[in-house]
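Listed below are the residues making up each chain.
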Amino acid sequence: MISSVLRATIDDWRLPDGGPLLPTLEAMIRPALMSGHFGSSATLIVGGIQYHLGGERDTRELANLVSLTAGDDVLDVCCFLGGPAVQLAQSLECRVTGIDISQAFVAAASQIARLSGLDHLVRFCAGDAASLPFQNERFTVVWSQCSLEHDQAWLREFDRVLAPGGRLALTFAIRRDNPNESSPLWTLQDVMGLVHGLGYRIDRAQDITERDIEIGWKALDRELSQRERDFTAVLGRDWVRHAHQEFAGEIRAMREGRWGNGRIVATKGRAGDAVASAAPPQPGAAPSAIASRPLDQAALSRAHSNASPSREHGLKPAHSPFRSSWGTDTGQVPHTGHRRWPRQPFWHPSGDMRPFTTGCTPLLHSGHSDQVVLVLL
Ligand SMILES: C[S@@+](CC[C@H](N)C(=O)[O-])C[C@H]1O[C@@H](n2cnc3c(N)ncnc32)[C@H](O)[C@@H]1O
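This structure is a prediction, so every number in the text was calculated from the model and none was measured. Numbers given for residues are sequential positions, taken from 1 along each chain in its written order. Only residues with pLDDT of at least 70 are given local features in this predicted model, and only at 80 or more are side-chain atom pairs given and counted; all residues enter the totals for whole chains, interfaces and linings.

1. Observations regarding the overall build of the protein chain
Phase 1 of the analysis: Starting at the N terminus, helices and strands are each numbered in turn, a helix being any DSSP run of H or I of at least four residues and a strand any DSSP run of E of at least two. Looking only at helices and strands, the protein chain has 11 helices and 9 strands in total.
Phase 2 of the analysis: In the protein chain, which comprises 377 residues, the proportion classed as buried is 45%.
Phase 3 of the analysis: In the protein chain, of all internal contacts separated by at least 6 residues, the share reaching a separation of at least 24 is 74%. Three exposure classes are used, based on other C-beta atoms lying within 10 Å of a residue's own C-beta, which is placed from the backbone: buried for 20 or more, exposed for 12 or fewer, and partly exposed in between. C-beta atoms are placed from the backbone for every residue, and two residues are taken to be in contact when these atoms lie within 7 Å.

Shown next, in the form of structure tokens:
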């Protein structure tokens, strides 16, 4: 029996008064998430406004590792709804520019930033990570969580827009040491070698697979159990069962070494630096092998003054042979020539959402990119 009908449009989003910002935002966007408006991945629907393993905690840890301060001008590549950007701006008062291939995500992220009262610090634009619409050396930090294509064009673009002395903060999927697994993913050592080869000092490189099982997949599974009644009411018993299976499958895949996650924090060299000549440190090695140096303040303030994007947003998806390891449990998604993230491509280069049908009890979708109708049974 239909007990209520919720109609939510992004333009009508309002923050209820009071409450801590991120949970409040989470509650506000929950109907749109559960309606599949932003995609059908169970990770996304259960995880909420931060679409990576570890949520707010991962964002806080990475910010500490890269020593983010209020003086930083951060580019968040593949920003989704801007949850991490809002968290960083709110907690550290740094400036954050988020970029994402999906115009629908960017529109929603911009609305969320405005409602949060953080739009003086945070802004969003649509664009492709393989061809960033920004001037050279524009940012002091290039940041990306759980999104890196294993495509060197991405790393070259990150390097191009990062000011000398700026820092890279990345979490990403990795291939681990399972000799039976033929995977196109880079290993953590591959990423370290590539970043080092671009002239960076590796400050930190860690395999965070075990951590992501604990604070990622298990946390998502707990969240699903705690809110099982709501998820069942909206998405159905089968969806909930599949979501539990999906999280368990990802834990198995990680435990069996089929894939994992890594993170890297690295500092870009400046002209005359010798950072690239030394061998890169081993994963997990203390960064003390390379002394920390002061940032090039002149270059950083030059970067700050380059305030606007230099190119228009040409949405040309990356054509990479890389396939996401997020498909390990259910088989690979056929490569469409577009970014195939997550298992089912749910975005279109035009930014329009595809109808939401996968694995759920039928939900109504208005077909209009900024309007969803959610029926609660
Ligand atoms: C797993 S989500 C990560 C979201 C975000 N980093 C977070 O942690 O909340 C991956 C994001 O990458 C975006 N994306 C995929 N391909 C992209 C590309 N070529 N350029 C920019 N963004 C892209 C997707 O639209 C999606 O929002």
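2. Remarks on the nonpolar core
Phase 1 of the analysis: Membership of the largest hydrophobic core comes to 92 residues, with the highest contact counts inside it found for Val142, Leu168, Val195 and Ile264.
Phase 2 of the analysis: When neighbours within four sequence positions are excluded, Val195 is seen to be in contact with Leu155, Leu168, Tyr200, Ile202, Ile264 and Ala266. For this entry, the nonpolar core is defined as buried Ala, Val, Leu, Ile, Met, Phe, Trp, Tyr and Cys residues connected by C-beta atoms within 7 Å.

3. As for the sheet that holds strand 2 (residues 73–77)
Phase 1 of the analysis: Pairing between strands requires that DSSP locate at least two bridges from one strand to the other. If you walk across this open sheet you meet the 7 strands as 4-3-2-5-6-8-7, and the pairing is mixed. At either end of the open sheet lies a strand with only one pairing partner, and these are strand 4 (122–126) and strand 7 (200–207). Strand-to-strand, the axes of this sheet are offset by a mean angle of 15°, without reference to chain direction.
Phase 2 of the analysis: Both strand 6 (residues 162–174) and strand 8 (residues 260–268) contribute to a ladder of 8 bridges, which runs antiparallel. In the strand pairing of strand 8, Ile174 is matched with Gly260.
Phase 3 of the analysis: Along the sheet, helix 4 (residues 83–92) makes contact with strand 2, strand 3 (95–100), strand 4 and strand 5 (139–145), crossing strand 3 at roughly 175°. Every axis in this analysis is a line fitted to C-alpha atoms, fitted for helices over the stretch in contact. Angles between the N-to-C directions lie between 0 and 180 degrees.

4. Observations concerning helix 9 (residues 228–235)
Phase 1 of the analysis: Turning to helix 9, its buried residues are Phe231, Val234 and Leu235. End-on, the buried residues of helix 9 take up no more than an arc of 75°, which puts them together on one face.
Phase 2 of the analysis: Where helix 9 ends, the next residue or the one after it, Gly236, has phi of about 95°, a positive value. Note that the arc is defined by the directions from the helix axis to the C-beta atoms.

5. A few points about unusual backbone geometry
Excluding glycine, residues mostly carry a negative phi; peptide bonds, for their part, are mostly trans.
Phase 1 of the analysis: Located in the positive-phi region is Ser67, a residue other than glycine, with phi close to 50°.
Phase 2 of the analysis: Structurally, Ser67 can be placed in the loop between helix 3 (55–65) and strand 2.
Phase 3 of the analysis: One non-glycine residue, Phe80, adopts positive backbone phi at about 55°.
Phase 4 of the analysis: Tracing the chain through its elements places Phe80 in the loop between strand 2 and helix 4.
Phase 5 of the analysis: Among the residues examined, Phe80 registers 26 C-beta atoms within 10 Å and is labelled buried.

6. Description of the packing of helix 3 against helix 4
Phase 1 of the analysis: Direction vectors running N to C along helix 3 and helix 4 enclose 55°, while the axes themselves pass 10 Å from each other. The orientation of helix 3 with respect to helix 4, classified from their angle, is oblique. In the packing of helix 3 onto helix 4, the handedness of the crossing is right-handed. Residue-level inspection shows Glu56, Thr59 and Ala63 of helix 3 in contact with helix 4, the latter providing Pro84, Gln87, Leu88 and Leu92.
Phase 2 of the analysis: Residue composition of the contact of helix 3 with helix 4, grouped by class: 4 nonpolar, 2 polar and 1 charged. Each angle receives one of four descriptions, namely roughly parallel if under 35 degrees, roughly antiparallel if over 145, roughly perpendicular if within 65 to 115, and oblique otherwise. Crossing handedness follows the turn of the near helix against the far one: under a right angle anticlockwise gives a left-handed crossing, and clockwise gives a right-handed one. We call Asp, Glu, Lys and Arg charged. Ala, Val, Leu, Ile, Met, Phe, Trp, Tyr, Cys and Pro are nonpolar, and the rest, Gly among them, are polar.

7. Focus on the environment of Asp230
Phase 1 of the analysis: Tracing the sequence through the fold places Asp230 in helix 9.
Phase 2 of the analysis: Taking the C-alpha atoms as reference points, Asp230 and Met34, separated by 196 residues in sequence, lie 9.7 Å from one another.

8. A look at helix 3
Phase 1 of the analysis: Listed in full, the buried residues belonging to helix 3 are Gly55, Asp58, Thr59, Leu62 and Ala63. In an axial view of helix 3, the angular spread of the buried residues amounts to 130°, which keeps them on one side of the axis.
Phase 2 of the analysis: Taken together, the buried residues of helix 3 touch helix 2 (42–47), helix 4, strand 5, strand 6 and strand 8.
Phase 3 of the analysis: Immediately beyond the C-terminal end of helix 3, within one or two residues, lies Ser67, with a positive phi of roughly 50°.

9. A short note on the confidence of the model for the protein chain
Phase 1 of the analysis: Across the chain, each position has a pLDDT score giving the predictor's confidence in that residue, from 0 to 100. Overall, the predicted model of the protein chain reaches an average pLDDT of 76, with 69% of residues at or above 70.
Phase 2 of the analysis: Contacts for the low-pLDDT stretch residues 1–7, under 50 throughout, to residues beyond four places or in other chains number 10 contacts.
Phase 3 of the analysis: This model gives residues 285–377 a pLDDT under 50, and the stretch forms 175 contacts once residues within four places in sequence are excluded.

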